[in-house]
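Chain by chain, the residues run as shown.
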Amino acid sequence: MKQLYIKQKVFSLSGKFTVKDQQEKDVYYVEGSFMQIPKTYSILNTTRDEVALITKKMFSFLPKFFVEVNGREVLTIKKEFSFLKARYTIDSAGIEVHGNWWDMDFQVLQHGELVGKVSKEWFTWGDSYKVQILNEEMEAIMIALVVAIDCVKADHASASSAAT
């Protein structure tokens, strides 16, 4: 099992941060587009090759985020229409998320088999999300999923503050 860490509240104005391993070595680099439409986040490996891309769909009635891994769309996170509480769904072929993904405490299953877990870590290198990867073939998808969820949460927070 491999463990990686993503610092909580990763989205800054620069839109750049790293994903680290247990030895605090950089494993992935995440770079956001600044002042660009559509807003994107690229996930790069240590040789700076893009392994995943997250894109916020523009000009949509409700927010929608597309996640591509190795050039192939693997999942979509979209806001559902509701009156009381914001609801989001994750659509993906064969990938399910069980648990409270809004609070970053969930398991990821692929075709019913557990492939990873995400939880909040309080006493690591700053508050972080711990990403446990049980199936290393799913590593890029797991990292992209966590970054995409954090992007959705940041987008929701900015929309909520703009509405008040």
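Relevant structure appears above.
This section reports on the structure supplied with the text. Just so we're clear, the structure is a prediction, and the values are computed from it rather than from any experiment.

**Description of the overall build of the chain**
For step 1, the next point in the chain: Across its full length, the chain holds one helix and 12 strands.
For step 2, the next point in the chain: Ordered by position from the N terminus, the helices and strands of the chain form the series β-β-β-β-β-β-β-β-β-β-β-β-α.
For step 3, the next point in the chain: Put simply, the chain has 164 residues, and 44% of those count as buried.
For step 4, the next point in the chain: Of the roughly 9,200 Å² of accessible surface on the chain, 51% is carried by carbon and sulfur atoms.

**Looking at the pattern of salt bridges**
For step 1, the next point in the chain: Under the criterion given, the structure shown has four salt bridges.
For step 2, the next point in the chain: Salt-bridge contacts for Glu139 lead to Lys2; the nearest nitrogen and oxygen are separated by 3.0 Å. Of the two residues, Glu139 sits in helix H1 (residues 139–163) while Lys2 sits in strand E1 (residues 2–7), which places them 137 residues apart along the sequence.
For step 3, the next point in the chain: Given the relative accessible area of 8%, Glu139 is considered buried.
For step 4, the next point in the chain: Since its relative accessible area comes to 26%, Lys2 is described here as partly exposed.
For step 5, the next point in the chain: Note that Asp91 and Lys78 form a salt bridge whose closest N and O atoms lie 3.2 Å from each other. Taken together, the residues Asp91 in strand E8 (residues 87–92) and Lys78 in strand E7 (residues 72–80) connect sequence positions 13 residues apart.
For step 6, the next point in the chain: By relative accessible area, which is 35% here, Asp91 ends up partly exposed.

**Let's talk about the pairing of strand E2 (residues 16–21)**
For step 1, the next point in the chain: Burial analysis of E2 places five of its six residues in the buried class, which makes it a mostly covered element.
For step 2, the next point in the chain: Relative to E2, E1 is paired through three bridges, and the arrangement is antiparallel. What sits directly across from Leu4, in E2, is Asp21.
For step 3, the next point in the chain: Relative to strand E3 (residues 26–32), E2 is paired through five bridges, and the arrangement is antiparallel. Along E3, the bridge assignment pairs Val19 with Tyr28.
For step 4, the next point in the chain: Connecting the antiparallel pair E2 and E3 is a turn made up of four residues, with Glu24 showing a positive phi of about 65°.

Parameters at a glance
- Residues numbered from 1 in each chain as written.
- Predicted model: local features only at pLDDT ≥ 70, side-chain atom pairs only at ≥ 80, totals over all residues.
- Heavy atoms only, no water.
- Helix = DSSP H or I, 4+ residues; strand = E, 2+ residues; numbered from the N terminus.
- Buried < 20%, exposed > 50% of the residue type's maximum accessible area, 1.4 Å probe, protein only.
- Areas by Shrake-Rupley, 256 points an atom, 1.4 Å probe, with all protein chains shown as cover.
- Salt bridge = Lys/Arg side-chain N within 4 Å of Asp/Glu carboxyl O.
- Pairing = 2+ DSSP bridges.

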